[in-house]
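Coordinate inspection notes
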Amino acid sequence: MPFSPIADGELGAIVTSLEMTKRPPLRALPASDLRLEPWHAPYADKYRTLYRRIGEPWLWFSRLEMDDETLIATIHDPKVRIWAVVDRRGIEVGILELDFRTDGACEIAFFGLIPELGGKGHGKWLMAMALQLGWAEAGVQRMWVHTCTLDGPTALAFYQKAGFTAYQRQLETFADPRISGLIPRDAAPHIPIIGVPSVHQVDG
């Protein structure tokens, strides 16, 4: 089959959606010295700061392109629950955001830790907390999450190991957020910017 080119200045990703339709059996909570702190109606700037710290290596940008009014309407919705992951010093090092706006469902909208905590087992603890909190909500019959090929290389396997089953795969293309300035140009160096001159080339 012929390749389908992606326009200069854009990115392409394969998005995999996964679901869990049955509450998992109770298990011992994985060890971690982190804790969850509920964020009730967080300020837009504070939310974006943590979102950037976690998501820039993976080019998270959807919440960065929202204006304040749209972002606040989303993260202050009573059916959107947000927790900051906090370390022993009280510093915010991760985020868990569960979206209950669809009846009977809980979406793990955002789930992540700052890059410095990767590979230390804290993700297993955070997922255990996410499942506990999601299934505790009255009427939830399904939890779901999506990941894409721009995420960490172990993300898909991580969700599957947690008990999620893939049910849909989609191709998404979008403007590279580093070109518009939503994300620093040097973020995610493992994903090249194609078809747009570098700052050095532009400046001569």
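Residues numbered from 1 in each chain as written. Predicted model: local features only at pLDDT ≥ 70, side-chain atom pairs only at ≥ 80, totals over all residues. Heavy atoms only, no water.

Our next topic: the packing of aromatic side chains. Within a pair of aromatic rings, the relevant descriptors are the distance that separates the centres and the angle that separates the planes. Overall, the coordinates contain nine aromatic pairs when judged by the stated rule. With a centroid separation of 5.4 Å and 55° between ring planes, the pair formed by Tyr-51 and Trp-60 is classed as tilted. Taken as a pair, Tyr-51 and Trp-60 share a single burial class, namely buried. When the centroid spacing of 6.3 Å and the interplanar angle of 85° are considered together, the rings of Tyr-159 and Phe-164 count as edge-to-face. A relative accessible area of 8% places Tyr-159 in the buried class. Three or more aromatic residues link up through ring pairs in this structure, and these residues are Tyr-47, Tyr-51, Trp-60 and Phe-110. (Phe/Tyr/Trp six-rings, centres within 6.5 Å; stacked < 30°, edge-to-face > 60°. Buried < 20%, exposed > 50% of the residue type's maximum accessible area, 1.4 Å probe, protein only.)

With that out of the way, let us pick up the pairing of strand β5 (residues 105-113). A large share of β5 lies buried, amounting to nine of its nine residues. Alignment of strand β4 (residues 92-99) against β5, held across six bridges, turns out to be antiparallel. What sits directly across from Ile-95, in β5, is Gly-112. The hairpin formed by β4 and β5 contains five residues between the paired strands, and Gly-104 there has a positive phi angle of roughly 80°. Across three bridges, β5 lies against strand β6 (residues 142-148) in parallel orientation. Considered in β6, the bridge of Glu-107 is made with Trp-144. (Helix = DSSP H or I, 4+ residues; strand = E, 2+ residues; numbered from the N terminus. Pairing = 2+ DSSP bridges.)

Under the criterion given, the structure shown has twelve salt bridges. Measuring nitrogen to oxygen at the nearest pair gives 3.5 Å for the salt bridge that ties Arg-88 to Asp-33. In this pair, Arg-88 sits in the loop between β3 (80-86) and β4 while Asp-33 sits in the loop between β1 (10-20) and β2 (35-39), placing the two residues 55 residues apart along the sequence. Exposure remark for Asp-33: the relative accessible area of 39% places this residue in the partly exposed category. (Salt bridge = Lys/Arg side-chain N within 4 Å of Asp/Glu carboxyl O.)

Below, the discussion takes up the nonpolar core. In terms of nonpolar packing, the biggest core is built from 58 residues, with Tyr-47, Leu-96, Ile-108, Met-127 and Phe-164 touching the most fellow members. In contact with Ile-108, other than residues within four places in its own chain, are Leu-96, Glu-97, Leu-98, Met-127, Ala-130, Met-143, Trp-144, Val-145 and Phe-164. (Core = buried A, V, L, I, M, F, W, Y, C linked by side-chain atoms within 4.5 Å. Contact = heavy atoms within 4.5 Å.)

Right, let's talk about the sheet that holds β4 for a bit. Strand order in the open sheet formed by seven strands is β2-β3-β4-β5-β6-β1-β7, and the pairing between neighbours is mixed. Edge positions in the sheet fall to β2 and β7 (165-175), since each has one partner strand and no second. Direction aside, the axes of adjacent strands within the sheet are offset by 25° on average. In this fold helix α1 (residues 44-55) packs onto β2, β3, β4 and β5, with an angle of close to 105° to the strand it touches most, β4. (Axes fitted to C-alpha atoms, helices over the stretch in contact; angles between N-to-C directions.)

On to the environment of Asp-103, then. In this fold, Asp-103 is placed in the loop between β4 and β5. Relative accessible area serves as the criterion here: at 68%, Asp-103 is assigned to the exposed category. C-alpha separation for the pair Asp-103 and Gln-141, spaced 38 residues apart in sequence, amounts to 9.1 Å.

It is worth spelling out the side chain of Asp-176 at this point. Assignment of secondary structure puts Asp-176 in the loop between β7 and α5 (177-180). The contacts of Asp-176, once residues within four sequence positions are left out, are Gly-9, Glu-10, Leu-11 and Ile-193.

Below, the discussion takes up the state of the cysteines. For the coordinates displayed, the defined rule picks out zero disulfides. Left without a disulfide partner, Cys-106 is nearest to the cysteine sulfur of Cys-148, which lies 20 Å away. (Disulfide = S-S within 2.5 Å.)

By the secondary structure assignment, Thr-16 is in strand β1. Apart from the residues within four sequence positions on either side, Thr-16 is in contact with Val-145, His-146, Thr-147, Leu-156, Ala-166, Gln-168 and Arg-169.

The predicted model of the protein has a mean per-residue pLDDT of 93, with 96% of residues at 70 or higher. Residue range residues 200-204 is modelled with pLDDT below 50. Its contacts to residues more than four positions away, or to other chains, number one contact. (pLDDT = per-residue confidence, 0-100.)

This next bit is on the packing of α1 against helix α2 (residues 68-75). Following both chains from N to C, one finds α1 and α2 inclined at 80°, their axes separated by 10 Å at the closest point. Considered as vectors, α1 and α2 are oriented roughly perpendicular to each other. When α1 is examined against α2, the residues Ala-44, Tyr-47 and Arg-48 are found in contact with a partner set consisting of Asp-68, Leu-71, Ile-72 and Ile-75. Tallied by class, residues from the contact of α1 with α2 come to five nonpolar, no polar and two charged. (Parallel < 35°, antiparallel > 145°, perpendicular 65-115°, else oblique. Nonpolar A, V, L, I, M, F, W, Y, C, P; charged D, E, K, R; others polar.)

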